[in-house]
Amino acid sequence: MPSHTIVYLEDDPDLARLITLSLRPWPTTIYIAQDGINGLKLIREYVPNLILLDLNLPGLNGWEVCSKLASDPELSQIPIVVLTALDLKAPLCCDQIIGYILKPFTYISLREMLRPLLPQN
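Residues numbered from 1 in each chain as written. Predicted model: local features only at pLDDT ≥ 70, side-chain atom pairs only at ≥ 80, totals over all residues. Heavy atoms only, no water.

Topic: the environment of Ile 51
Next up, step 1: Tracing the backbone shows Ile 51 in strand β3 (residues 50-53).
Next up, step 2: Judged by relative accessible area, which is 0%, Ile 51 ranks as buried.
Next up, step 3: Sequence separation between Ile 51 and Pro 79 is 28 residues; the distance between their C-alpha atoms is 6.3 Å.
Next up, step 4: Apart from the residues lying within four places of it in its own chain, the contact partners of Ile 51 are Val 7, Leu 9, Ile 43, Leu 69, Ile 78, Pro 79, Ile 80 and Val 81. (Helix = DSSP H or I, 4+ residues; strand = E, 2+ residues; numbered from the N terminus. Buried < 20%, exposed > 50% of the residue type's maximum accessible area, 1.4 Å probe, protein only. Contact = heavy atoms within 4.5 Å.)

Quick look at the structure:
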């Protein structure tokens, strides 16, 4: 039985599928949204343990999603890991963002980043 729930906001379905496959060995349930609006709906419905967030999303972009999460007391404590092709020169402005991975990345680096956030039972 899955012990962790992840909501992944990613508009590239191929990348979303690869990420899902790379996390398969862990006991997780992953819900995927291809835009910010549906991503917020999934986050509100499932209240995940972790959010994986692309910043370049249709509808609401990743920064707008972060802003809406930060203003919701029930969702403002969910940790966020950003997966982005943007070279982030500015500091991450949302307290929920605990890390980011620059695309393209290796699945080993992804798993290393997520391992402490998804401890095994």
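Next comes the rest of the account.
A look at the pattern of salt bridges
Pairing between side chains becomes possible if they bear opposite charge and their charged atoms approach one another.
Next up, step 1: Applying the stated criterion across every chain yields a total of two salt bridges.
Next up, step 2: Lys 103 is the partner of Glu 10 in a salt bridge, and the nearest nitrogen-oxygen pair spans 2.8 Å. Placement of Glu 10 in the loop between β1 (4-9) and α1 (13-22) and of Lys 103 in the loop between β5 (97-102) and α4 (107-114) is noted, with a sequence separation of 93 residues between them.
Next up, step 3: On the basis of relative accessible area, Glu 10 is assigned to the buried category, the value being 1%.
Next up, step 4: Between Lys 103 and Asp 54 there is a salt bridge whose closest N-O contact spans 3.6 Å. (Salt bridge = Lys/Arg side-chain N within 4 Å of Asp/Glu carboxyl O.)

Side note on the sheet that holds β5
Next up, step 1: An order of β2-β1-β3-β4-β5 is seen for the five strands of this open sheet, with the pairing classed as parallel. Of all strands in the sheet, those with a lone pairing partner are β2 (28-33) and β5, marking the two edges. The average angle at which neighbouring strand axes cross in this sheet is 20°, direction not considered.
Next up, step 2: Relative to β3, β1 is paired through four bridges, and the arrangement is parallel. Residue pairing in the sheet places Val 7 in a bridge with Ile 51 of β3.
Next up, step 3: Docked against the sheet, helix α3 (residues 62-70) engages β1, β3, β4 (80-84) and β5, running at close to 155° with respect to β3. (Pairing = 2+ DSSP bridges. Axes fitted to C-alpha atoms, helices over the stretch in contact; angles between N-to-C directions.)

Some thoughts on the nonpolar core
Next up, step 1: Judged by nonpolar contacts, the single largest core of 20 residues is most densely connected at Leu 9, Ile 43, Ile 51, Leu 53, Val 65, Leu 69 and Ile 80.
Next up, step 2: Residue assignment for this core shows that the elements contributing at least two residues are β1, α2 (36-46), β3, α3 and β4.
Next up, step 3: In this structure, Leu 53 is in contact with Leu 9, Gly 62, Val 65, Cys 66, Ile 80, Val 81, Val 82 and Leu 83, ignoring residues within four places of it in sequence.
Next up, step 4: Counting residues in each nonpolar core, the second largest holds 17 residues, with Leu 15, Leu 23, Leu 52 and Val 81 among its members. (Core = buried A, V, L, I, M, F, W, Y, C linked by side-chain atoms within 4.5 Å.)

Structural notes on α4
Next up, step 1: When we look at burial in α4, the residues that qualify are Leu 110, Arg 111 and Leu 114. Each buried residue of α4 sits inside an arc of 95° when the element is viewed along its axis, so together they form one side. Every exposed residue of α4 that faces more than 90 degrees away from the buried side is listed here: Ile 108 and Glu 112.
Next up, step 2: In the core, the buried residues of α4 are packed alongside α1, β3, β4 and β5. (Arc of directions from axis to C-beta.)

So, the packing of aromatic side chains
Next up, step 1: Under the defined criterion, the tally for this structure stands at two aromatic pairs.
Next up, step 2: Plain terms: the ring middles of Phe 105 and Tyr 107 are 5.8 Å apart, the flat faces sit at 75° to each other, and that makes the pair edge-to-face.
Next up, step 3: Judged by its relative accessible area of 30%, Tyr 107 falls in the partly exposed class. (Phe/Tyr/Trp six-rings, centres within 6.5 Å; stacked < 30°, edge-to-face > 60°.)

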